[in-house]
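Residue-level listing of the chains:
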Amino acid sequence: MNCFSARQKPGIWRLGLIALGFAVSACNAEPEPEDREYRLDFVVTPMPEAAAVAVSMEVSQGRHWLREVEFDFDTRYSDFEGDGQLDIGSDTVKWSVPKRSGSLNWTVQIPNRRGNSFDAYMDIGWAIFRAEDIIPRKSSVTAVDVTSKTTLRFDLPAGWSATTPYRERRGVFSVENPDRRLDLPSGWIAMGSLGTRFDTVGSTRVVVTGPSRQGVRRMDMLALLRWNLPELERILPAPMRRLTVVSGGDPMWRGGLSAPTSLFIHADLPLISENGTSLLLHEVMHVAMNLKVADGHDWIHEGLAEYFSIELMRRSGTISDRRYRRAIRELREWSKDVESVCGRESTGPVTAAGVTLLSDLNAELAENTEKTIDDLLYEVLSRDEPVNTQTVRDIAETLLGSPSKTLSADILGNCSD
Ligand SMILES: [Zn+2]
């Protein structure tokens, strides 16, 4: 006996009900897994005058699979409205999702301060932010064994366009993230009067975008990526399929920030600094590694990103061997007063100390084995669990055949695991 799936056309559904009468209600067979899917469509409408966006989250489902969603939100969010029951607390909103279809709407202010500047901003002609800034994160979902098919659309003023980390077809972005129960968009988004360049480098679809007339060096960035992504692809366990680079000028934060499959970099910053390091490639490494590091072991994340960003440039010929050695020497010098690399956040001299450790470990591997630091990176990235200092020691010991002298340094002494 056939059961009707949510994918059948409404007309067929009605005809079937009439033809089969009571037999339809007697059908208890579970839908096939591919049918246990509901639609989640986000529509974003900018309101530049208010530096805000209106967001609509529309759910359509064949059965009452997605029953309840609870979101955490902060003071930038307001005007929650929805079909069905809505319980709005001071910092959470609980939505009882209607049986078949319904929408939850809200308004959110875009600008978000980070020190003296902003890591999310909206002006009259443009906006740069992360999807996480406009779509609150879920704290709980009531839905079992179902997946969402999520899309993201923009209702834009004339002359505007939008770029996201996702694949676009006729103005609709397909959102694909690992958590399929409630697949929320994430990563960097730019919208407004944009200039955008696309390219494919190896297996990676690269998009570089930024507001017009802000000095965004799209072609320079594409060139640097074209030189270095092939080297990166050689050392990753799995290729990076997409990379979206969003760039913009003041008052955006004067630095680089990575997010899932995307990054932001301030338009005024050099792509390669005088000391032979590259902020763009450092952030690319963060995106490519997508590494989970245990609390207190951030040196691994930052050390690997910085070490390999310089190493990639040496291998690709972007910088000479001599300049590479000088860059590592300068980082070693900068890190000489660091007493411990362990802590919640690794910055400046601590990251430089992480690079020094990895460089020494590479030398130790070369001296004793056929292995290289690439093998260590491969193993680190192949772990499912968040990595810590002991994980790195264990991997190094396996590669060396004995404990690493480099990783028994005092500077790693108080890294609690
Ligand atoms: Zn970093």
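What you see is a predicted model, and the numbers here were worked out from it, not measured in a lab.

Student: Pulling in residues and values, what's your account of the coordination of the zinc ion?
Tutor: Binding of the zinc ion to the protein goes through His282 (NE2), His286 (NE2), Glu302 (OE) and Glu302 (OE), at separations of 2.0 to 2.8 Å. Overall, His286 belongs to the buried group, its relative accessible area being 8%.

Student: Account for a positive patch on the surface, with residues named and values stated.
Tutor: Together, Arg63, Arg67, Lys99 and Arg100 give the surface a local cluster of positive charge. One can find Arg63 in the loop between strand E2 (52-60) and strand E3 (68-72).

Student: Residue-level account of the sheet that holds E3, with values.
Tutor: Read across the open sheet, the four strands follow the order E5-E6-E3-E11; overall the sheet is antiparallel. Because the sheet does not close on itself, it has two edges, and the strands there are strand E5 (85-88) and strand E11 (138-142). Going from strand to strand, the sheet's axes swing by 10 degrees on average, the running direction of each strand aside. Bridging between E5 and strand E6 (residues 92-96) involves four bridges; their strand directions are antiparallel. Across the sheet, the residue bridging to Asp87 is Lys94, located in E6.

Student: Give me the lowdown on the environment of Phe173, citing residues and values where you can.
Tutor: Counting through the fold element by element, Phe173 comes out in strand E15 (residues 172-175). Taking the relative accessible area as the measure of exposure, Phe173 reaches 3% and is therefore buried. For the pair Phe173 and Phe154, spaced 19 residues apart in sequence, the C-alpha to C-alpha distance is 9.2 Å. Setting aside residues no more than four positions away along its own chain, Phe173 makes contact with Thr150, Thr151, Leu152, Phe154, Ala162, Thr164, Tyr166, Arg167 and Glu168.

Student: Which residues make up the nonpolar core, and what values go with them?
Tutor: Counting 68 residues, the largest nonpolar core has Leu225, Leu232, Leu280, Val341 and Leu376 as the members making the most contacts within it. One finds Val59, Val108, Val146 and Ile189 within the second-largest nonpolar core, a separate group that totals 44 residues.

Student: Provide a residue-level description of the confidence of the model for the protein chain, including the pertinent values.
Tutor: Taken as a whole, the protein chain shows an average pLDDT of 90; of its residues, 91% reach a score of 70 or greater. Segment residues 1-29 is flagged for pLDDT under 50; beyond a separation of four residues in sequence, or across chains, it makes 18 contacts in the model.

Student: Give a detailed account of helix H6 (residues 298-316), specifying residues and quantitative values.
Tutor: A rise of 1.5 Å per residue sets the reference length of H6, with its 19 residues, at 27 Å; its end C-alpha atoms lie 27 Å apart and thus fit the reference within 8%. The buried fraction of H6 amounts to 16 of the 19 residues, a majority that puts the element mostly inside the structure. Once H6 ends, the next one or two residues include Gly317, with phi positive near 80 degrees.

Student: Explain the sheet that holds strand E9 (residues 117-122) to me, and be specific about the residues and the numbers.
Tutor: Working definition: the strands of a sheet are paired by backbone hydrogen bonds and lie parallel or antiparallel to each other. The strand order across the open sheet formed by five strands is E8-E9-E10-E16-E13, and the pairing between neighbours is antiparallel. For this open sheet the edge positions go to strand E8 (112-114) and strand E13 (161-163), each flanked by a neighbour on one side alone. Adjacent strand axes in the sheet meet at a mean angle of 25 degrees, parallel and antiparallel pairs treated alike. Summarising the sheet, E13 and strand E16 (residues 188-192) pair through three bridges and their orientation is antiparallel. Each residue of the ladder has a partner; that of Ala162, found in E16, is Met191.

Student: Residues and numbers for the packing of aromatic side chains, please.
Tutor: Evaluation of the coordinates by the stated rule reveals ten aromatic pairs. Three or more aromatic residues joined by ring pairs make a cluster, and in this case those are Phe71, Phe73, Tyr77, Phe80 and Trp106. One cation-aromatic arrangement involves Arg114 over Trp253; the distance from NZ or CZ to the ring centre is 4.7 Å. Over the aromatic face of Trp188 sits the side chain of Arg130, whose NZ or CZ is 5.7 Å from the ring centroid.

Student: Please set out the domain arrangement of the protein chain residue by residue, giving values where relevant.
Tutor: Each domain of the protein chain was delimited in the assignment, giving domain 1 (37-192) and domain 2 (291-412). In this structure, domain 1 and domain 2 have C-alpha centres spaced 38 Å apart.

Student: I'd like a description of the pattern of salt bridges, backed by residues and values.
Tutor: According to the stated counting rule, one finds 16 salt bridges in the structure shown. For Arg130, the salt bridge is made with Asp133, and the minimal N-O distance between the two is 3.3 Å. For Arg130, a relative accessible area of 25% gives the class partly exposed. Asp374 is the partner of Arg315 in a salt bridge, and the nearest nitrogen-oxygen pair spans 2.8 Å.

Student: Give me the lowdown on the packing of helix H4 (residues 218-235) against H6, citing residues and values where you can.
Tutor: Helix-helix packing is described using two parameters, namely the angle between the two axes and the distance between the axes. Axis separation between H4 and H6 bottoms out at 9 Å; the angle between their running directions is 110 degrees. By the criterion of interaxial angle, the relationship of H4 to H6 is roughly perpendicular. Helix-helix and strand crossings are classified by hand; for H4 and H6 the assignment is right-handed. Contact with H4, carried on its side by Trp227, Asn228, Glu231, Leu232 and Ile235, involves Phe308, Leu312, Met313, Arg315 and Ser316 of H6 and no other residues of that element. Partitioning the contact of H4 with H6 into residue classes produces six nonpolar, two polar and two charged.

Student: Which residues make up the environment of Met191, and what values do they have?
Tutor: Its place among the elements puts Met191 in strand E16. The spacing of Met191 and Trp253 is 62 residues in sequence and 17 Å in space, taken between C-alpha atoms. Residues contacting Met191, with those up to four places away along its chain left out, are Pro46, Val53, Met122, Gly125, Trp126, Ala127, Phe129, Phe154, Leu156, Trp160, Ser161 and Ala162.

Student: I'd like a description of unusual backbone geometry, backed by residues and values.
Tutor: Peptide bonds are mostly trans, and most non-glycine residues show a negative phi. In this structure, the amide linkage connecting Asp250 to the following residue, Pro251, adopts the cis form with an omega of 5 degrees. Here Asp79, not a glycine, exhibits a phi torsion of approximately 55 degrees, which is positive. Not every positive phi belongs to a glycine, and Arg213 is a case in point at roughly 60 degrees. Residue classification places Arg213 among the exposed positions, given a relative accessible area of 79%.

Parameters and conventions
Residues numbered from 1 in each chain as written. Predicted model: local features only at pLDDT ≥ 70, side-chain atom pairs only at ≥ 80, totals over all residues. Heavy atoms only, no water. Donors = N, O, S within 2.8 Å, 3.2 Å for Na, K, Ca; no water. Buried < 20%, exposed > 50% of the residue type's maximum accessible area, 1.4 Å probe, protein only. Patch = residues over 30% accessible without salt bridge, like charges linked within 9 Å, V, L, I, M, F, W, Y side chains within 5 Å. Areas by Shrake-Rupley, 256 points an atom, 1.4 Å probe, with all protein chains shown as cover. Salt bridge = Lys/Arg side-chain N within 4 Å of Asp/Glu carboxyl O. Lys, Arg positive; Asp, Glu negative; His and termini not counted. Charge placed at Lys NZ, Arg CZ, Asp CG, Glu CD. Helix = DSSP H or I, 4+ residues; strand = E, 2+ residues; numbered from the N terminus. Pairing = 2+ DSSP bridges. Axes fitted to C-alpha atoms, helices over the stretch in contact; angles between N-to-C directions. Contact = heavy atoms within 4.5 Å. Core = buried A, V, L, I, M, F, W, Y, C linked by side-chain atoms within 4.5 Å. pLDDT = per-residue confidence, 0-100. Expected span 1.5 Å × (residues − 1). Phe/Tyr/Trp six-rings, centres within 6.5 Å; stacked < 30°, edge-to-face > 60°. Lys NZ or Arg CZ within 6 Å of the ring centre and 35° of its normal. Domains from an automatic or database assignment. Parallel < 35°, antiparallel > 145°, perpendicular 65-115°, else oblique. Left-handed = near helix turned anticlockwise from the far one by under 90°. Nonpolar A, V, L, I, M, F, W, Y, C, P; charged D, E, K, R; others polar.

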